[in-house]
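Reading the structure
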Amino acid sequence: MIDAKKLLEQFLGSQVPGVGGTVKDRAGDAIQMAKDNPWKAGALATVLLGTKAGRSISGNALTIGGLAAIAGLGYQAYKNYQAGQAPATPSDAPPPRTAVLPPPADSGFSTGSPAQSNEFVLVLIRAMIAAAKADGHVNDDERALILEKIRAADVAAEAAFFIERELSLPTDLDALVAAAETEEQRVELYTASRLTIEPDSRAERGYLDLLAGRLGLPDALVDHIEATVSSAKVSL
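Everything numeric in this text was worked out from a predicted model, so none of it was measured.

Some remarks on the environment of Leu169
Structurally, the position occupied by Leu169 is in the loop between helix H10 (157-168) and helix H11 (173-179). The class for Leu169 is partly exposed, based on a relative accessible area of 42%. Separated by 39 residues in the primary sequence, Leu169 and Ala130 place their C-alpha atoms 9.6 Å from one another.

So this is what it looks like as structure tokens:
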């Protein structure tokens, strides 16, 4: 059985070795290490998602775990939305490297919640891979390169097969949407997808808009997720 939480941590570069000091001080070093030697660092997404992952993943997300980072960002966006706050704009959003905090234990976003099952965490990884494929950049040559690096990495055989299968199959948006049964899960699925990519092409923006619509997320909530994820990203 695939350890989905461990695999998600590998995707987001959690627990990068050899990086000391505070997160704020060392975030850039951690991400650069993941870019320079992603398989040693355990950041699968740095290779899988190309340069976009390198500029997408904030250093503080490297320390709290992949699921906690996604859940924490989703919780913050959802809390701000429910409070009726206006989403932050690029001019007044918190500066990059703002700490990503795990959600409260009594929240529906808690990583200990039954909704955060191993099966649903695999859904989040499927959503990340689907978002990465949205602009068509994972062609046959790049897929072969990814699989070659997976074979050379410390990735369990079953997890490697899972990644290979998800890369080769067409995205099943119906299945992704159906797997998000609670409102918190729907927020997390969109958050994970948005964390994966920068929607700087029509295909990527169109995919995220379609996903939000299929998940039934209100526009104002989507705006909060966009603002919250953007505030946690680092430009490299």
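Looking at the packing of aromatic side chains
The relative placement of two aromatic rings is captured by the distance of their centres and the angle of their planes. By the definition in use, this model includes three aromatic pairs. With centroids separated by 6.4 Å and ring planes inclined at 35 degrees, the aromatic side chains of Tyr78 and Tyr81 adopt a geometry described as tilted. On the criterion of helical spacing, the pair formed by Tyr78 and Tyr81 is a turn pair, its members being three residues apart in helix H7 (residues 66-82). Residue class for Tyr78 comes out buried when judged on its relative accessible area of 11%.

Quick look at the pattern of salt bridges
A full pass over the atoms with the stated rule returns seven salt bridges. Here Asp174 ties to Arg214 by a salt bridge, and the two come within 2.4 Å at their closest N and O atoms. Note that Asp174 is positioned in helix H11 and Arg214 in helix H13 (residues 202-215), a separation of 40 residues in sequence. Residue Arg205 is joined to Asp209 by a salt bridge in which the shortest nitrogen-to-oxygen separation is 3.2 Å.

Focus on the nonpolar core
Of all hydrophobic cores here, the largest spans 54 residues; its most connected members are Leu189 and Tyr190. The element that contributes the greatest number of residues to this core is helix H8 (residues 118-132), accounting for 11 residues.

Concerning the packing of helix H12 (residues 183-196) against H13
One can describe the packing of H12 onto H13 by two numbers: an axis separation of 10 Å at closest approach and a directional angle of 175 degrees. Here H13 runs roughly antiparallel to H12, going by the angle between their axes. Mapping the contact onto sequence places Arg186, Leu189, Tyr190, Ser193 and Arg194 in H12 and Arg205, Leu208, Leu211, Ala212 and Leu215 in H13. Within the contact of H12 with H13, the residues separate by chemical class into six nonpolar, one polar and three charged.

Concerning the packing of H8 against H10
Across the interface, H8 lies against H10 with an axial gap of 10 Å and an inter-helix angle of 45 degrees. Comparing the axis directions of H8 and H10 gives the class oblique. Here H8 and H10 pass one another in a crossing that is right-handed. Of the residues in H10, those touching H8 at Leu122, Ile125, Arg126 and Ile129 are Phe162, Arg165, Glu166 and Leu167. Taken together, the residues of the contact of H8 with H10 break down into five nonpolar, no polar and three charged.

Quick word on H13
If you check H13, its first and last C-alpha atoms are 20 Å apart, about what 14 residues at 1.5 Å a residue would give, namely 20 Å. Along H13, the residues that are buried comprise Glu204, Tyr207, Leu208, Leu211, Ala212 and Leu215. For H13, the arc enclosing every buried residue in end-on projection is 130 degrees, short of the 170-degree limit, so these residues lie on one face. Exposed side of H13, more than 90 degrees from the buried face: Arg202 and Gly213 are the residues found there.

Here is what the cut-offs are and how they apply
- Residues numbered from 1 in each chain as written.
- Predicted model: local features only at pLDDT ≥ 70, side-chain atom pairs only at ≥ 80, totals over all residues.
- Heavy atoms only, no water.
- Helix = DSSP H or I, 4+ residues; strand = E, 2+ residues; numbered from the N terminus.
- Buried < 20%, exposed > 50% of the residue type's maximum accessible area, 1.4 Å probe, protein only.
- Phe/Tyr/Trp six-rings, centres within 6.5 Å; stacked < 30°, edge-to-face > 60°.
- Salt bridge = Lys/Arg side-chain N within 4 Å of Asp/Glu carboxyl O.
- Core = buried A, V, L, I, M, F, W, Y, C linked by side-chain atoms within 4.5 Å.
- Axes fitted to C-alpha atoms, helices over the stretch in contact; angles between N-to-C directions.
- Parallel < 35°, antiparallel > 145°, perpendicular 65-115°, else oblique.
- Contact = heavy atoms within 4.5 Å.
- Nonpolar A, V, L, I, M, F, W, Y, C, P; charged D, E, K, R; others polar.
- Left-handed = near helix turned anticlockwise from the far one by under 90°.
- Expected span 1.5 Å × (residues − 1).
- Arc of directions from axis to C-beta.

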